[in-house]
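# What the coordinates show
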Amino acid sequence: VNSRNYVIGSIPVRHLTGGRLIDVVMAAASKTVVKKLISVDFEIFGKVQGVFFRKRTRDEAVKQRLVGWVMNKRSGTVAGAMQGTENTVKNMKVWLEKVGSKRSRIDKAVFTNEKTISSLDFKQFEIR
């Protein structure tokens, strides 16, 4: 039997002539890692209004490939919601707690309603 070698992604697969390519694709697909999606709400306390905090938050969220929103609250805090992969949400939580914008002072970051989701509710990350 004639044989050919194929590589799908980084997975080498041996395909026998006359065999079905779908079997090769299915073998490669079974190796695909599915990343868990997370949704979390946040509220940031401190000097976070009038210091470009919302803009920098949006910029960082876009960089992390997150979707959601951020807004100023009358109480002087900044609140929002973010959705993305478990790892990117974790990275953004650290950024919101420890980094922020250059002129901000973060006293406290509160994260609530963290849950696993099956699909994203937003198309982008926006300032409201």
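Provided above is the structure to which this section pertains.
Cut-offs and rules
Residues numbered from 1 in each chain as written. Predicted model: local features only at pLDDT ≥ 70, side-chain atom pairs only at ≥ 80, totals over all residues. Heavy atoms only, no water. Helix = DSSP H or I, 4+ residues; strand = E, 2+ residues; numbered from the N terminus. Buried < 20%, exposed > 50% of the residue type's maximum accessible area, 1.4 Å probe, protein only. Pairing = 2+ DSSP bridges. Axes fitted to C-alpha atoms, helices over the stretch in contact; angles between N-to-C directions. Contact = heavy atoms within 4.5 Å. Parallel < 35°, antiparallel > 145°, perpendicular 65-115°, else oblique. Left-handed = near helix turned anticlockwise from the far one by under 90°. Core = buried A, V, L, I, M, F, W, Y, C linked by side-chain atoms within 4.5 Å. Phe/Tyr/Trp six-rings, centres within 6.5 Å; stacked < 30°, edge-to-face > 60°. Lys NZ or Arg CZ within 6 Å of the ring centre and 35° of its normal. Expected span 1.5 Å × (residues − 1). Arc of directions from axis to C-beta.

## So, the environment of Asp-59
- Secondary-structure assignment places Asp-59 in helix α2 (residues 53–63).
- On the basis of relative accessibility, which here comes to 27%, the residue Asp-59 falls in the partly exposed class.
- In this structure, the C-alpha to C-alpha distance between Asp-59 and Phe-125, residues 66 residues apart in sequence, is 8.7 Å.

## What about the sheet that holds strand β3 (residues 37–47)?
- If you walk across this open sheet you meet the five strands as β6-β3-β5-β4-β7, and the pairing is mixed. Every other strand in the sheet has two partners, leaving β6 (105–117) and β7 (125–127) as the edge strands with one partner each. When the angles between neighbouring strand axes are averaged without regard to direction, this sheet yields 15°.
- With eight bridges connecting them, β3 and strand β5 (residues 78–85) associate as antiparallel partners. Bridged to Phe-42 within β5 is Gly-80.
- Across the sheet, helix α3 (residues 86–98) touches β3, β5 and β6, and the angle it forms with β5 is around 155°.

## Focus: the packing of α2 against α3
- Following both chains from N to C, one finds α2 and α3 inclined at 160°, their axes separated by 11 Å at the closest point. Here α3 runs roughly antiparallel to α2, going by the angle between their axes. For the pair α2 and α3, the sense of crossing is right-handed. For the pair formed by α2 and α3, the contact residues are Phe-53, Arg-56, Thr-57, Glu-60 and Ala-61 on the first element and Met-92, Trp-95 and Leu-96 on the second.

## A short note on the nonpolar core
- Counting 18 residues, the largest nonpolar core has Phe-42, Ile-44, Phe-53, Met-82, Met-92 and Leu-96 as the members making the most contacts within it.
- Elements that contribute at least two residues to this core include exactly β3, α2, β5 and α3.
- Sequence-distant contacts of Leu-96, defined by excluding residues within four places in its chain, comprise Phe-42, Ile-44, Phe-53, Thr-57, Met-82, Ile-106, Ala-109 and Phe-111.

## Here we look at the packing of aromatic side chains
- In the structure shown here, the tally under the stated rule is one aromatic pair.
- Relative to Trp-95, the ring of Phe-53 lies with its centre 6.0 Å away and its plane at 40°, an arrangement referred to as tilted. In this pair, Phe-53 sits in helix α2 while Trp-95 sits in helix α3, placing the two residues 42 residues apart along the sequence. As far as burial versus exposure is concerned, Phe-53 and Trp-95 are alike and both buried.
- For Lys-93, the ring lying beneath its charged end belongs to Phe-111, and the centroid distance is 5.2 Å.

## Quick notes on α3
- Along its 13 residues, α3 runs 19 Å from first to last C-alpha, staying within 8% of the 18 Å computed at 1.5 Å per residue.
- For α3, every residue scored as buried is listed here: Thr-88, Val-89, Met-92, Lys-93, Trp-95 and Leu-96. Seen along its axis, α3 keeps its buried residues to an arc of 165°; they face one direction. Residues Lys-90 and Lys-98 are exposed on α3 and point more than 90 degrees away from its buried face.

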